[in-house]
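Next come the chains, spelled out residue by residue.
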Amino acid sequence: MITDRAGGRRRLGYPVAAGVFAIGMAGTTLPTPLYGLYRAQLGFSELMVTVVFAVYALGVITVLLLAGNVSDEAGRRPVLLAALGLSAASALCFIFAGGLPMLLLGRVLSGFAAGLFSGAATAAVLELAKPGQEAQAGFAATAANMGGLGCGPLLSGLLAQYAPRPLLLPFLVHLALVAVAAVVTRLLPETVAHPHRPRTLRPQGLELPPEVRGVFAPSAVAAFAGFSLLGLFTAVAPSFVGQTLGEHNLAVTGLIVFTVFLGSTAGQSLTERIGTRRALPLGCLVLVVGLLLVATSLAVTSLPVLVVGAVCGGIGQGLAFRAGLTAVGRAAPAAHRGGTISAFFLVAYLGISLPVVGVGALTLALGLRGAGLAFSACVIVVTVAVGLYVLRRPPAGDD
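The next point concerns the overall build of the protein. Secondary structure assignment for the protein yields 14 helices and 0 strands. Along its sequence from the N terminus, the protein presents helices and strands in the succession α-α-α-α-α-α-α-α-α-α-α-α-α-α. The principal-axis extent of the C-alpha atoms belonging to the protein is close to 55 × 50 × 35 Å. Burial status across the protein gives 58% buried among its 399 residues. The long-range fraction of contacts in the protein, counting pairs at least 24 apart against all pairs at least 6 apart in sequence, stands at 87%. Across the protein, the 24 positively charged side chains and the 13 negatively charged ones have centroids separated by 4 Å.

Here it is, written out as structure tokens:
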């Protein structure tokens with residue numbers, strides 16, 4: 001049951017909660033343009049880059065399985081503060097990193113933070129909206145997620161390229177932002193009526209309220225496909241850009257990764273006017289076009305084509321992602337909303353992790369270009385299948 005507690009602070013509203021969400025998610029992609037520097041400093045392989053990334057995704061999935069619904073019981077605000085604490089601890093691991101173990105620990109902690117943010121922050125943004133603001137709040141939640149993920153590499157790329165101490169300054173800046181977010185979070189109203197300490201943390205699996213099951217499957221499989229593209233850009237795109245396309249400017253690398261998330265935010269802004277039933281299959285179609293352009297950029301060694309593919313693929317991902325999240329969020333009862341949204345993100349993060357590790361393994365046999373082409377082909381097949389599925393069985397109860 002959701003209530004409006006601390007009504008005097010209600011004026012902060014959902015945009016402030018969305019800002020906290022964006023800061024938290026920015027920390028999870030902050031290292032993306034820096035992997036090349038870590039490789040040169042520590043001497044690990046391209047496969048290890050994807051393993052470091054997969055460890056992050058493993059942290060996300062673990063939290064979603066064990067504590068995805070914890071904010072439904074403990075309250076949104078305490079969970080957000082815990083997530084910010086984990087984000088700060090992750091930044092400290094990178095600041096003091098002297099080897100691979102600290103990088104792995106930092107990524108695991110970042111994954112824990114992202115897992116908590118995914119359910120609790122999304123639910124908080126939706127619940128802080130006033131009557132009539134539901135659509136704007138839905139966009140704010142998904143835009144904060146994707147926008148935050150995109151701003152992380154842009155920020156670190158710019159600082160690493162044009163400021164001193166490229167492996168230190170980005171994380172110091174993020175620590176300052178986390179401190180501001182923590183203060184703001186303390187001022188947000190709690191939207192859970194009777195928050196209490198959960199008795200135990202136990203695996204949730206994918207058990208869903210009956211009201212959600214009809215919309216969950218098509219929404220989640222579309223998110224899986226879209227997040228596969230995001231995983232490619234956040235884990236191995238810097239290597240593609242540097243080694244295959246010959247661009248070594250870290251700011252440019254961060255900007256390229258940012259473009260896919262910018263495209264995602266743009267796609268999300270179109271979802272409401274298109275409608276969930278049409279946005280899901282349309283998003284899959286646009287995502288396929290984007291993947292074809294990414295594959296073409298690798299085949300012909302063209303940076304502009306890669307950027308266009310990133311934007312196009314991001315738009316497709318954004319269309320499908322917001323449509324799916326909106327459908328699931330509307331169908332979920334309030335008492336189970338955080339857990340249901342966490343289950344949705346769990347499936348999405350399987351898409352962002354498993355295919356990317358496959359790319360890392362393929363680089364050993366096929367090289368970066370061959371692995372990228374193989375990845376694109378596989379995700380195109382999956383996305384086409386998902387698009388046909390949601391075209392035949394769109395989420396019910398939405399235009």
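So, next bit.
Once that is clear, we can look at unusual backbone geometry. Positive phi is not limited to glycine here, since Arg165 has a value of about 50 degrees. Inspection of the secondary structure assignment puts Arg165 in the loop between helix H7 (134-162) and helix H8 (169-187). Even without a glycine there, the phi angle at Thr301 is positive, about 55 degrees. With respect to the element layout, Thr301 can be found in the loop between helix H12 (276-300) and helix H13 (303-331). The exposure class of Thr301 is partly exposed, given its relative accessible area of 37%.

So, on to the packing of H12 against H13. Packed helices, taken two at a time, are described by the angle between their axes plus the distance between the axes. Between H12 and H13, whose axes approach to 7 Å, the crossing angle comes to 155 degrees. When the axes of H12 and H13 are compared, the pair comes out roughly antiparallel. The crossing of H12 and H13 is left-handed. Here the residues of the contact of H12 with H13 are counted per class, giving 18 nonpolar, 10 polar and no charged.

Tallied over the entire structure, the rule returns 7 aromatic pairs. Relative to Phe117, the ring of Phe21 has its centre 6.4 Å away and its plane inclined at 20 degrees; by these criteria the two rings are stacked. Taken together, the positions of Phe21 in helix H1 (residues 13-29) and Phe117 in helix H6 (residues 100-127) put the pair 96 residues apart, joining distant regions of the chain. With a centroid separation of 6.2 Å and 70 degrees between ring planes, the pair formed by Tyr56 and Tyr349 is classed as edge-to-face. Pair noted here: Tyr56 is in helix H3 (residues 46-67) and Tyr349 is in helix H14 (residues 337-392), with a separation of 293 residues, a long-range link. Here the two residues Tyr56 and Tyr349 agree in accessibility, since each one is buried. For Arg107, the ring lying beneath its charged end belongs to Tyr56, and the centroid distance is 4.4 Å.

Once that is clear, we can look at the nonpolar core. Within the largest apolar cluster, 90 residues are counted, with the highest numbers of intra-cluster contacts made by Phe117, Phe216, Phe233, Phe344 and Tyr349. No other element matches H14, which puts 16 residues into this core.

Relative to the assigned elements, Ala251 resides in helix H11 (residues 250-274). Under the relative-accessibility criterion, Ala251 is labelled buried at 8%.

Turning our attention to the packing of H1 against H6. Two numbers describe how H1 lies on H6: the axes approach to 9 Å, and their chain directions differ by 160 degrees. One element, H1, and the other, H6, form an angle in the roughly antiparallel class. Note that H1 runs across H6; the crossing there is left-handed. Two secondary-structure elements touch here, H1 through Tyr14, Ala17, Ala18, Val20, Phe21, Gly24, Met25, Gly27 and Thr28 and H6 through Arg107, Ser110, Ala114, Phe117, Ser118, Ala121, Thr122 and Val125. Tallied by class, residues from the contact of H1 with H6 come to 10 nonpolar, 6 polar and 1 charged.

Attention now goes to the layout of surface pockets. Taken as a whole, the second largest pocket encloses approximately 330 Å³ of empty space. Considering the residues around the second largest pocket, the lining is formed by 18 residues, among which Leu126, Glu134, Gly329, Arg330 and Arg337 are closest to the centre. Secondary structure elements with two or more residues in the lining of the second largest pocket: H6, H7 and H13. Among the elements that make up the lining of the second largest pocket, the one with the highest residue count is H13 (5 residues). A per-class count over the lining of the second largest pocket returns 6 nonpolar, 5 polar and 7 charged.

Attention now goes to the confidence of the model for the protein. Any segment with low pLDDT has predicted coordinates that should not be analysed in fine detail. The share of residues in the protein with pLDDT of 70 or more is 92%, and the mean pLDDT across the chain is 84. For the protein, helix H10 (residues 237-244) is the element with the lowest average pLDDT, namely 78, and H8 is the one with the highest, namely 96. Contacts from residues 1-10, a stretch scored under 50 in pLDDT, to residues over four places away or in other chains number 30 contacts.

A cluster of nonpolar side chains, contributed by Leu282, Leu285 and Val289, occupies part of the molecular surface with about 240 Å² of accessible area. Tracing the backbone through its elements, the reader meets Leu285 in helix H12. The exposure class of Leu285 is exposed, given its relative accessible area of 52%.

Once that is clear, we can look at the environment of Leu116. Tracing the backbone through its elements, the reader meets Leu116 in helix H6. Taking the C-alpha atoms as reference points, Leu116 and Arg330, 214 residues apart in sequence, are found 20 Å from one another. Not counting chain neighbours up to four residues away, the residues in contact with Leu116 comprise Val63, Val70, Val79, Ala82, Ala83, Leu86 and Ala121.

Okay, the environment of Gly267 next. With respect to the secondary-structure elements, Gly267 resides in helix H11. For the pair formed by Gly267 and Ala123, sequence separation is 144 residues and the distance between their alpha carbons is 21 Å. Setting aside its immediate chain neighbours within four residues, Gly267 contacts Ile315, Gly318 and Leu319.

Parameters and conventions
Residues numbered from 1 in each chain as written. Predicted model: local features only at pLDDT ≥ 70, side-chain atom pairs only at ≥ 80, totals over all residues. Heavy atoms only, no water. Helix = DSSP H or I, 4+ residues; strand = E, 2+ residues; numbered from the N terminus. Buried < 20%, exposed > 50% of the residue type's maximum accessible area, 1.4 Å probe, protein only. Contact = heavy atoms within 4.5 Å. Lys, Arg positive; Asp, Glu negative; His and termini not counted. Charge placed at Lys NZ, Arg CZ, Asp CG, Glu CD. Axes fitted to C-alpha atoms, helices over the stretch in contact; angles between N-to-C directions. Parallel < 35°, antiparallel > 145°, perpendicular 65-115°, else oblique. Left-handed = near helix turned anticlockwise from the far one by under 90°. Nonpolar A, V, L, I, M, F, W, Y, C, P; charged D, E, K, R; others polar. Phe/Tyr/Trp six-rings, centres within 6.5 Å; stacked < 30°, edge-to-face > 60°. Lys NZ or Arg CZ within 6 Å of the ring centre and 35° of its normal. Core = buried A, V, L, I, M, F, W, Y, C linked by side-chain atoms within 4.5 Å. 1 Å grid on protein atoms, 1.4 Å probe; cavity = no way out; pocket = protein on both sides within 12 Å on 5 of 7 lines; lining within 4 Å. Points joined across faces, edges and corners; volume = space filled by probe spheres on them. pLDDT = per-residue confidence, 0-100. Patch = residues over 30% accessible without salt bridge, like charges linked within 9 Å, V, L, I, M, F, W, Y side chains within 5 Å. Areas by Shrake-Rupley, 256 points an atom, 1.4 Å probe, with all protein chains shown as cover. Salt bridge = Lys/Arg side-chain N within 4 Å of Asp/Glu carboxyl O.

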